[in-house]
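Survey of secondary and tertiary structure
So you can see what is in the structure, the chains are spelled out below.
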Amino acid sequence: MSRVELLNRTLRSLQSGTPDIEACALISDEGLVIASVLPQHIQEARVAGMAATLLSLGTRAANELGRGKLEQVLIRGDAGYAVMSEVGQGVLLLVLTGKDAKLGLIFLDTGRAAAEIRKIL
Amino acid sequence: MPTPLEIYSNIKTFLSFTDRDIANLSAIRGIVEKHGPRVTDDFYAVIARTPETAKFVEGRVEALKKTHAKWMLELVAGDYGDAYFESRWRIGKTHVRIGIDPFWPESVMSMLRSGLHLALAQEIANPVELSEKYGSLVKILDVDMMIVNLSYAEDRIDRLTEFTGMKRALLENLIHMRKD
Ligand code: HEM
C-alpha cells in the first residue's frame, strides 16, 4: 500500500471511529492537501490554505504571547469546531466536528491518529 | 516560481533586447553624459519640493545626485548581464529599506523617460534614428523599473512571512488561488 493510501486509510478510520468527526485532512505547511476525507461541498484548496495559515499564525502567536510551543489551534463556531495540530515536520492535521462534539474524546482520537500518521510519514 | 534573475532574463527575451539595443545604448553614451546632469537636477528639484519625498533626501541631495549620475551612465555602459541585474536589485532594496513607496520611483521614472527623450531629440535630427535610439533607452529604463518593482514585491512577501510565520510558498499559493 502506498503512503497516500495508508494516510487516507488512517484518516478514514479516524473519521468513522469517532462519530463527532465530520471531516479531516492532512495538509502541508505550504497549504497543499496531502490526504483528506472532506465532504463534497468543501473546497479543498481553500481549506488547505486557510488551515496552513491559521497554524502558522497560531505558532507565531503562541510564541509571541509567551504561551510556548503551539499544540493546537481551535476554532469554535456555533455549528462546531475546527481543530488543527502539527503532526509531523511541516504537516498538519485538520479535524472538523459538530457543535456537540466531546472535545476530550476528539483530542484523544486525533492524538492517536497523529502518532500513526507520524509513523507513515 | 522563477527567481528574480530568471525573470530579468525572460523579460529581456520578451522585449527582444538584442545586440542592436546594446549598440544603440552605447552610441548615446555621449548624449547621456552631456544632458544627464540636467535631467538629474530636474528630478531632484521635484523630489526636494515635495514634502513626502523631500524628507528622504534632506541634507544629502548633492551626494545622491552623484549616485544617480553613476546609475544613469550604467544604463548606457553596454553591459546588461548578471552584475547589471544585481546592481538594480540592490538599488530596489535600498529604496524599499528606507521606506520609499513604490509609486515615487515609478513617477521619477516617468520624468526620466521624458527628460532623456528631450535630450536625445536635441542631439539626433533624424526622426527614425531618434525613435530607434529612444526605443532601446526606454527598454532598459523599463527593465530597470521592473527589477525595482520585483524587489518591492519580494519585500512585501518577506515582511508578511516574517510577521505571520507563513512560508513563502504558502503565501504564493494564496496569492495565486482562484477566487471562485
Ligand atoms: C527611477 C527612480 C530612481 C532611481 C533610478 C534611483 C537611483 C538611486 C541609486 C542608484 C541609489 C544608490 C543606491 C545604492 O547604491 O544602494 C539611490 C539611493 C537613494 N535614493 Fe534613489 N532613485 C530613484 C528614485 C528615488 C526617489 C523617488 C527617492 C525619494 C523619494 C529616492 C531617494 C533615495 C535615497 C534617500 C537614497 C539613499 C539611500 C541610502 O543608502 O540611505 N530615490 N537611488
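Refer to the structure above for everything that follows.
Described in the following lines is the structure provided in the data block. (Residues numbered from 1 in each chain as written. Chains lettered and ligands numbered in written order. Predicted model: local features only at pLDDT ≥ 70, side-chain atom pairs only at ≥ 80, totals over all residues. Heavy atoms only, no water.)

Re the overall build of chain A
Here is the rule: Helical segments are the DSSP runs of H or I of at least four residues, strand segments are the runs of E of at least two, and each set is numbered from the N terminus. Based on C-alpha atoms, the radius of gyration is set beside the globule rule, defined as 2.2 Å times the residue count to the power 0.38. Buried means the residue's accessible area, taken with a 1.4 Å probe over protein chains only, is under 20% of the maximum for its type, while exposed means over 50%, and partly exposed covers the values in between. Note on contacts: a residue pair is in contact if any heavy atoms of the two residues lie within 4.5 Å. In this description, accessible areas are obtained by the Shrake-Rupley approach with a 1.4 Å probe, and a residue is regarded as covered only by the protein chains that are shown. In this count, Lys and Arg are taken as positive residues and Asp and Glu as negative ones, while His and the chain termini are left out. Lys charges are placed at NZ, Arg charges at CZ, Asp charges at CG and Glu charges at CD.
For chain A, the count of helices and strands is 3 helices and 5 strands. Listing each helix as α and each strand as β along chain A from the N terminus yields α-β-β-α-β-β-β-α. By the compact-globule yardstick of 14 Å for 121 residues, chain A fits well, its C-alpha radius of gyration being 14 Å. Its C-alpha atoms give chain A principal-axis dimensions of about 40 × 30 × 25 Å. For chain A, the proportion of its 121 residues judged to be buried stands at 44%. Look at the contacts in chain A between residues 6 or more apart in sequence, and 48% of them connect residues 24 or more apart. Roughly 6,800 Å² of accessible area belongs to chain A as shown, and the carbon and sulfur atoms make up 52% of that amount. In chain A, 13 positive and 13 negative side-chain charges are present, and the distance between their average locations comes to 4 Å.

Observations concerning the site of the ligand
Residue and element names in this part refer to chain B. Put simply, the rule is: One heavy atom suffices: a residue is near a molecule or strand as soon as one of its heavy atoms comes within 4 Å of it. Polar contacts, as counted here, are pairs of nitrogen or oxygen atoms within 3.5 Å of one another; within protein the pair requires one atom able to donate a hydrogen and one able to accept it, and residues that are adjacent in sequence qualify only if both atoms are side-chain atoms. Throughout this entry, Asp, Glu, Lys and Arg are counted as charged residues, while Ala, Val, Leu, Ile, Met, Phe, Trp, Tyr, Cys and Pro are counted as nonpolar. The remaining residues, Gly among them, count as polar.
By nearness alone, 21 residues border the ligand, and F56, R60, R90, T94 and H95 come closest of all. One of the side-chain N or O atoms of R60 is found 2.9 Å from an oxygen atom in the ligand. Put simply, the parts of the chain that give the shell around the ligand at least two residues each are α4 (51–57), α5 (61–75), α6 (82–97) and α7 (103–123). Counted by class, the shell around the ligand contains 13 nonpolar, 5 polar and 3 charged residues.

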